Amino acid sequence: CRRIPDEINEVCGCNPPQETPAPTPNPTRPPNPNPQPTPEPTRNPQCDVCGNGRSVNNPFSVVEVPGYGMTTCGDLQSDGLDRQISSSDCRRIPDEINEVCGCNPAQLTPAPTPNPTRQPN
C-alpha cells in the first residue's frame, strides 16, 4: 500500500511536476554618472624645496612663489614631495623661500668655555 501512491501519482499526474524557477542574474554595477579621468602619470622627480635635504622649519609661513602664487611653506614642501613641481621650478625655489620658510636655520653657537678659576697643580 505504501508504494502504490507513488506509482499512481506519477502515472495519473496527481502531483504535477514543480516548475524550476529561472536563475537569478548576477548583479551588475550601475554605470558611474560622474566618471573621473585617470590622472596622467607625473614625470617630475621629487623636489626638495629647501634644496639642502632639510625640511622647512616654518611650515605655516606664507610665501609667494612665481607660478604658484601665495602658499604655505608646508604645502609647497608637500607638493615637492608629491612630484607636483617641475624640475626647472624646483631649481629656483630654494633661493626664493629660504629665509621665509626657514630652510637654513641659524646655527646655535655653543656658549664659550669659562676660564679656569684656579691654576692647575
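In this text, all values refer to a predicted model and were calculated from it rather than measured experimentally.

Here is what the cut-offs are and how they apply
- Residues numbered from 1 in each chain as written.
- Predicted model: local features only at pLDDT ≥ 70, side-chain atom pairs only at ≥ 80, totals over all residues.
- Heavy atoms only, no water.
- Buried < 20%, exposed > 50% of the residue type's maximum accessible area, 1.4 Å probe, protein only.
- Helix = DSSP H or I, 4+ residues; strand = E, 2+ residues; numbered from the N terminus.
- Arc of directions from axis to C-beta.
- Contact = heavy atoms within 4.5 Å.
- Expected span 1.5 Å × (residues − 1).
- Bend = angle between axes of the 7 residues up to and from the residue.
- Core = buried A, V, L, I, M, F, W, Y, C linked by side-chain atoms within 4.5 Å.
- Salt bridge = Lys/Arg side-chain N within 4 Å of Asp/Glu carboxyl O.
- Pairing = 2+ DSSP bridges.
- Disulfide = S-S within 2.5 Å.

Draft legend 1. Fine view of helix 2 (residues 73-81). Of the residues making up helix 2, those classed as buried are Cys73, Gly74, Leu76, Gln77 and Gly80. Mapping the buried residues of helix 2 onto a view down its axis gives an arc of 160°, with all of them on the same face. Turning to helix 2, the residues buried within the fold contact strand 1 (62-65), strand 2 (69-72) and helix 3 (87-101). Remark: Arg83 follows helix 2 within two positions and exhibits a positive phi of approximately 65°.

Draft legend 2. Region of the structure containing helix 3. Between its first and last C-alpha atoms helix 3 spans 20 Å; for 15 residues at 1.5 Å apiece the expected length is 21 Å, and the two agree. Of all the bends in helix 3, the greatest, near 40°, is centred on Ile93, and the proline Pro94 appears no more than four residues after it. When we look at burial in helix 3, the residues that qualify are Asp89, Cys90, Ile93, Pro94, Ile97 and Cys101. Those residues of helix 3 that are buried lie in contact with strand 1 and helix 2. Where helix 3 terminates, the next one or two residues include Gly102, which has phi positive at roughly 70°.

Draft legend 3. Structural view of the nonpolar core. Grouped together as the largest cluster of nonpolar side chains are 14 residues, with contacts concentrated most on Val49, Val56, Leu76, Ile85, Ile93, Ile97 and Cys101. Among the elements of the structure, strand 1, helix 2 and helix 3 are those that each provide at least two residues to this core. It is helix 3 that contributes the most residues to this core, 4 residues altogether. Contact partners of Leu76, with chain neighbours within four places excluded, come to Val49, Val65, Thr71, Ile85, Ile93 and Ile97.

Draft legend 4. Molecular detail of the pattern of salt bridges. Counted according to the given criterion, the structure contains 2 salt bridges. Salt bridges sharing partners connect three or more residues here, namely Asp89, Arg92 and Glu96.

Draft legend 5. Representation of the pairing of strand 2 in the model. Pairing analysis gives 4 bridges linking strand 1 to strand 2, with the strands arranged antiparallel. Within strand 2, the residue paired with Glu64 across the bridge is Met70. Following strand 1, the chain reverses through 3 residues before pairing antiparallel with strand 2; Gly67 in that reversal takes a positive phi of roughly 95°.

Draft legend 6. Focus on the environment of Asp75. For Asp75, the location among the structural elements is in helix 2. Along the chain, Asp75 and Pro59 lie 16 residues apart, while their C-alpha atoms are 7.5 Å from each other.

Draft legend 7. Inspection of the state of the cysteines at higher detail. Within the structure shown, the criterion is met by 3 disulfides. A sulfur-sulfur distance of 2.1 Å marks the disulfide that ties Cys47 to Cys90. Between Cys47 and Cys90, the S-S dihedral sits near 95°, and the bridge is therefore right-handed. Of the two residues, Cys47 is situated in the loop between helix 1 (3-12) and strand 1 and Cys90 in helix 3; the sequence distance between them amounts to 43 residues. For the pair Cys47 and Cys90, one class covers both residues: buried. Covalent S-S linkage joins Cys50 and Cys103, the inter-sulfur distance amounting to 2.1 Å.

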